[in-house]
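# Observations on the three-dimensional arrangement
Each chain is listed here by its residues.
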Amino acid sequence: MKFEIKVTQDGSATIYLNELDEHYHSTFGAVQESLHVFVGAGLGAVTAKEVTVLEVGFGTGLNCLLTMIAGQESRRQIHYVALEKYPLSMQVVDQLGYSSLYPESGAQLFSLLHTAPWNRDTTMNAQFVLHKIEKDLLEIVPAELPLVDLVYFDAFSPEKQPEMWQEVIFGMLYERMKTDGVLVTYCAKGVVRRTLQSVGFQVERIPGPPGKREMLRARKTGEQDPLVG
Ligand SMILES: C[S@@+](CC[C@H](N)C(=O)[O-])C[C@H]1O[C@@H](n2cnc3c(N)ncnc32)[C@H](O)[C@@H]1O
């Protein structure tokens, strides 16, 4: 696969994937998007002090790094489970410059996120445990995932990867979420909102990050209310 490093409008870098004609983050601002959609609207909407996060698409590790920083600031204990089918090489990741986002010993911690072994827990610091799973989301069986409080759904867009946005996938994620669990995605498409509702989520459209009007936040309330028709 051919990866190109691009600078987004907030000055932070992202990856452009030629084969899919798709970026890993919003071109309006990679860090801005991650902070707004995942850390702000996602982690910010969960009240538990101990939070289990599932990220769909670990990619560059940007959401993971910013969540680790936010967790430390708010003194929360985070167990971060990240799925990835196509791990990036250090040679690509090193070009992104994300290590400077971390206040202290950023370079070391950021590369540790990537060099941490797959398929087991790695303690990053007293408050953050990372568990990366190298696997295709489409092949995951529910029992392979812990019960989670928060899902960062950061797959490539439904136009480019429709198989990731199917009802069967969201149904499986719903099943692995705790009551009051939250799922966030940058995507605000009506068809995605309806698919989330059809498996039982209560879904709200909320303001998106700069450059994107809206995004979706879904909650598993426990009162299943699937859409009819
Ligand atoms: C939009 S990018 C987001 C990446 C990441 N969240 C970040 O901040 O860099 C989508 C990610 O999903 C991964 N992915 C694509 N198909 C997948 C699949 N079937 N199962 C698991 N991960 C997948 C891609 O390799 C990529 O890393």
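Predicted model, so just to flag it, every value in this text is computed and none were measured.

Strand order in the open sheet made by the eight strands is S6-S7-S5-S4-S8-S9-S11-S10, with mixed pairing throughout. Strands with a single pairing partner mark the edges of an open sheet, and in this sheet they are strand S6 (121–125) and strand S10 (202–207). Within the sheet, the average angular offset between the axes of one strand and its neighbour, ignoring direction, is 20 degrees. Pairing geometry for strand S9 (residues 177–185) and strand S11 (residues 214–219), over four bridges, is antiparallel.

What follows is about the packing of helix H1 (residues 30–40) against helix H2 (residues 62–73). The description of two helices packed together rests on the angle between their axes and the distance between the axes. It is at 10 Å that the axes of H1 and H2 come closest, and there the two elements cross at 60 degrees. Where H1 crosses over H2, the two elements pack in a sense that is right-handed. In this structure, H1 contributes Ala30, Ser34, Leu35, Phe38 and Val39 to the contact, and H2 contributes Leu62, Asn63, Leu66, Thr67 and Ala70. Of the residues belonging to the contact of H1 with H2, the class tally is seven nonpolar, three polar and no charged.

Our focus in this paragraph is the sheet that holds strand S3 (residues 22–23). Within the open sheet, the three strands sit side by side as S1-S2-S3. Their pairing is antiparallel. In the strand order of this sheet, the two ends are held by strand S1 (3–7) and S3, each with one partner. As defined by bridge partners, S1 adjoins strand S2 (residues 13–17) across five bridges and the pair is classed as antiparallel. Among the inter-strand pairings, Glu4 is bridged to a residue of S2, identified as Tyr16.

In this section: the site of the ligand. For the ligand, the set of nearby residues contains 17 residues, the closest of which are Gly57, Gly59, Thr60, Lys85 and Leu137. Residue composition of the shell around the ligand, grouped by class: nine nonpolar, four polar and four charged.

Examined against the element boundaries, Arg213 turns out to sit in the loop between S10 and S11. Separated by 155 residues in sequence, Arg213 and Phe58 have C-alpha atoms that sit 24 Å apart.

We now examine the nonpolar core. With 50 residues, the main nonpolar core has Val53, Val151 and Val184 as its most contacted residues. For Val151, the residues in contact, after removing those within four places along its chain, are Leu54, Val56, Leu173, Met177 and Leu183.

Peptide bonds are, in most cases, trans, and in most cases residues other than glycine have a negative phi. Its identity is not glycine, yet Asp21 carries a phi of approximately 55 degrees, on the positive side. By secondary structure assignment, the location of Asp21 is in the loop between S2 and S3. Backbone geometry places Arg75, a non-glycine residue, at a positive phi of 55 degrees. Counting through the fold element by element, Arg75 comes out in the loop between H2 and strand S5 (77–84). We classify Arg75 as exposed; it has 8 C-beta atoms within 10 Å.

The two faces of the sheet receive side chains in turn, since in a regular strand these alternate between them. When strand S4 (residues 50–56) meets S5, the two strands line up parallel, connected through seven bridges. By the bridge assignment for S5, Val56 is matched with Leu83. Handedness of the crossover is the feature at issue here: the chain leaves S4, passes through H2, returns alongside S5, and the resulting connection is right-handed. Judged from the seven bridges that link them, S5 and strand S7 (residues 128–134) form a sheet pairing that is parallel. Each residue of the ladder has a partner; that of Tyr80, found in S7, is Leu130.

The next thing to look at is the pairing of S11. Note: S10 against S11, six bridges, orientation antiparallel. The residue of S11 that forms the bridge with Arg205 is Leu216. Counting the residues that bridge the hairpin from S10 to S11 gives six residues, and of these Gly211 lies at a positive phi of roughly 95 degrees.

Moving on, we get to H2. With twelve residues, H2 extends 17 Å between its outermost C-alpha atoms, agreeing within 8% with the 16 Å of an ideal straight helix rising 1.5 Å per residue. Taken together, the buried positions of H2 are occupied by Leu62, Asn63, Cys64, Leu65, Leu66, Thr67, Met68 and Gly71. With its phi angle positive at about 55 degrees, Arg75 sits one or two positions after the end of H2.

Cut-offs applied
Within each chain, residues carry numbers counting from 1 in the order of the written sequence. Per-residue local features of the predicted model are confined to residues with pLDDT of at least 70, and side-chain atom pairs are confined, for both listing and counting, to 80 or more; whole-chain, interface and lining totals are unaffected and use all residues. Here, any two strands with at least 2 DSSP bridges between them count as paired. Secondary structure elements follow DSSP: runs of H or I of four or more residues count as helices, runs of E of two or more count as strands, with numbering from the N terminus. Angular values range over 0 to 180 degrees, each being the angle between N-to-C directions of two axes fitted as lines to C-alpha atoms, with helices fitted over their stretch in contact. Helix crossings get a hand from a simple test, with the near helix turned counterclockwise from the far one by less than a right angle marking a left-handed crossing and a clockwise turn marking a right-handed one. By the convention adopted here, residues make contact when the C-beta atoms placed from their backbones lie within 7 Å. Throughout this entry, Asp, Glu, Lys and Arg are counted as charged residues, while Ala, Val, Leu, Ile, Met, Phe, Trp, Tyr, Cys and Pro are counted as nonpolar. The remaining residues, Gly among them, count as polar. Using a C-beta atom placed from the backbone for every residue, we mark a residue as near a molecule or strand if that atom lies within 6 Å of it. Defined on buried residues, the nonpolar core groups Ala, Val, Leu, Ile, Met, Phe, Trp, Tyr and Cys residues joined through C-beta atoms within 7 Å. Burial is judged by counting other C-beta atoms within 10 Å of a residue's own C-beta: 20 or more means buried, 12 or fewer means exposed, and anything between counts as partly exposed, with every C-beta placed from the backbone. Seen with its strands pointing away from the viewer, a crossover is right-handed when the path leading from the first strand over the helix to the second is clockwise. One less than the number of residues in a helix, times 1.5 Å, gives the span that helix is expected to have.

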